Each structure stands twice: as C-alpha cells, then as structure tokens.
Amino acid sequence: MGAASTENTVTKTVWQYSEPLPEETMTFLKGIAVDCCKVRNCVYGKYSGIRNLNNLTPVYNILNEMRYCGLREQLNLPVVYYELAITDAVSNMKSNWSNVKNRIGECITANENLSDKDKLYLRTVLKLHFKPSGVRNAKKRCRTGY
C-alpha cells in the first residue's frame, strides 16, 4: 500500500504555441525595462537608507514626491510603469527590513547569554517598537530634572 502504482498516474503532454514578437515591440519593451530599472535605482538611492525607514510606510507619500521630481518626463515612461516601478522598489525595501527584523528575532532566540526575561523583553520591544531608524538617528536629548 505504501508505494504508488502506475495505474493511478495520468500523464498529459501540454504544447505551448506562441509567435515571436516583432522586433520593434521587443525594442519598446526592452526600453521600458531599462527605464523601470532607472526608476527603481533612483528610489533605492533616495529611500533605501536607515534614515528613511519611517518614510516607507505610506507608499503614497513617495509616489507623490516622485511624481513631481521630473524623472518620468525625462525618461518619457508611461505613468503605469513608472508607478509600478516605484511601488515595487518600496515593497522590496520593506521586505528587506522585515527580513532584518526576523533575523534579529532569531539571534535573540539563539543567544544563550540572555535570560528568559531578557529574551521576552527584547522580543516585546522588537514586536512593538521596531524602529532601527530611531536608534540610528537618535539625537542626544537634554535630561531635565537631573
């Protein structure tokens, strides 16, 4: 009973027929791909640093800033592709920061030098207040009353 029998297996061959695209269409699509890459690089250059981590949350703010920077007109890129390239870059950056957060959680779990209370505290801080930009951008504050 454990082995699969060939009597119950169905094999189906699927053929995909497609025609090659005309050269001018391929040139147009390759041009859009190159321009989208330029837009993504521009977004990464402006917003990928830790100082801009808090600005990634509403992607509409970045879309509005990028609409008025003149890059789309310079590249002569359709709005649909321009905005998709921006949102794709922002979502990629958010995903990368989420991976960093998960990796920090794994390091907390793997650290044998931390007590259970310490691990619980760090996980709570990580869950509720994950803002590495706040740590990175911290300014010295005056303490009053000391």
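Keep in mind it's a predicted model, so treat the numbers as computed, not measured.

A. Focus on the overall build of the protein. Helix and strand content of the protein: six helices and zero strands. Listing each helix as α and each strand as β along the protein from the N terminus yields α-α-α-α-α-α. Within the protein, the proportion of its 146 residues that are buried is 20%. Expressed as a percentage of contacts within the protein between residues at least 6 apart in sequence, the contacts between residues at least 24 apart total 63%. Carbon and sulfur atoms provide 54% of the accessible area of the protein, an area that totals close to 12100 Å².

B. The pattern of salt bridges, seen in detail. Counted according to the given criterion, the structure contains four salt bridges. One salt bridge connects Asp88 with Arg40, and the closest N-O pair in it is separated by 2.2 Å. Linking Asp88 in helix H4 (residues 79-110) with Arg40 in helix H1 (residues 23-47), this pair joins segments that are 48 residues apart in sequence. On the basis of relative accessibility, which here comes to 22%, the residue Arg40 falls in the partly exposed class. Here Glu106 makes a salt bridge to Arg103, at a shortest N to O gap of 3.4 Å. With Glu106 and Arg103 both in helix H4 and three residues apart, the pair spans about one turn of that helix.

C. Up close: H4. Over its 32 residues, H4 extends 47 Å from the first C-alpha to the last, a length consistent with the 46 Å expected when each residue adds 1.5 Å. Those residues of H4 that fall on the buried side of the exposure criterion are Tyr82, Ala85, Ile86, Ala89, Val90, Met93, Trp97, Gly105 and Ile108.

D. Looking closely at the state of the cysteines. Scanning the entire structure with this criterion turns up zero disulfides. No disulfide involves Cys42; its sulfur sits 5.5 Å from that of Cys69, the nearest cysteine. Assessed through its relative accessible area of 35%, Cys69 is described here as partly exposed.

E. Representation of the nonpolar core in the model. In terms of nonpolar packing, the biggest core is built from 21 residues, with Val39, Val43, Leu56, Met66, Ile86 and Val90 touching the most fellow members. Broken down by secondary-structure element, the contributors of at least two residues to this core are H1, helix H2 (59-67), helix H3 (71-75) and H4. Sorting elements by how many residues they give to this core places H4 first, with seven residues. Excluding residues that lie within four positions of it along the chain, Leu56 makes contacts with Tyr47, Ile62, Val90, Met93, Lys94 and Trp97.

F. How the structure looks around a nonpolar patch on the surface. Together, Leu21, Phe28 and Leu29 line one region of the surface with nonpolar side chains, adding up to about 290 Å² of accessible area. Positionally, Phe28 belongs in helix H1.

G. The arrangement of unusual backbone geometry in detail. The backbone of Asn76 shows a phi angle near 55°, a positive value even though the residue is not glycine. Secondary-structure assignment places Asn76 in the loop between H3 and H4.

H. Looking closely at the side chain of Asn52. The topology assignment puts Asn52 in the loop between H1 and H2. At a separation of 2.7 Å, a polar atom in the side chain of Asn52 contacts the main-chain carbonyl oxygen of Lys46. Residue contacts for Asn52: discarding those within four places in its chain leaves Lys46 and Tyr47.

I. Expanded view of the environment of Arg67. Note that Arg67 resides in helix H2. Note: C-alpha distance between Arg67 and Tyr82 (15 residues apart in sequence) is 9.0 Å. Once residues lying within four places of it in the same chain are set aside, the contact partners of Arg67 are Glu73, Tyr82 and Glu83.

Rules used throughout
- Residues numbered from 1 in each chain as written.
- Predicted model: local features only at pLDDT ≥ 70, side-chain atom pairs only at ≥ 80, totals over all residues.
- Heavy atoms only, no water.
- Helix = DSSP H or I, 4+ residues; strand = E, 2+ residues; numbered from the N terminus.
- Buried < 20%, exposed > 50% of the residue type's maximum accessible area, 1.4 Å probe, protein only.
- Contact = heavy atoms within 4.5 Å.
- Areas by Shrake-Rupley, 256 points an atom, 1.4 Å probe, with all protein chains shown as cover.
- Salt bridge = Lys/Arg side-chain N within 4 Å of Asp/Glu carboxyl O.
- Expected span 1.5 Å × (residues − 1).
- Disulfide = S-S within 2.5 Å.
- Core = buried A, V, L, I, M, F, W, Y, C linked by side-chain atoms within 4.5 Å.
- Patch = residues over 30% accessible without salt bridge, like charges linked within 9 Å, V, L, I, M, F, W, Y side chains within 5 Å.
- Polar contact = N/O pair within 3.5 Å; in protein donor to acceptor, adjacent residues only side chain to side chain.

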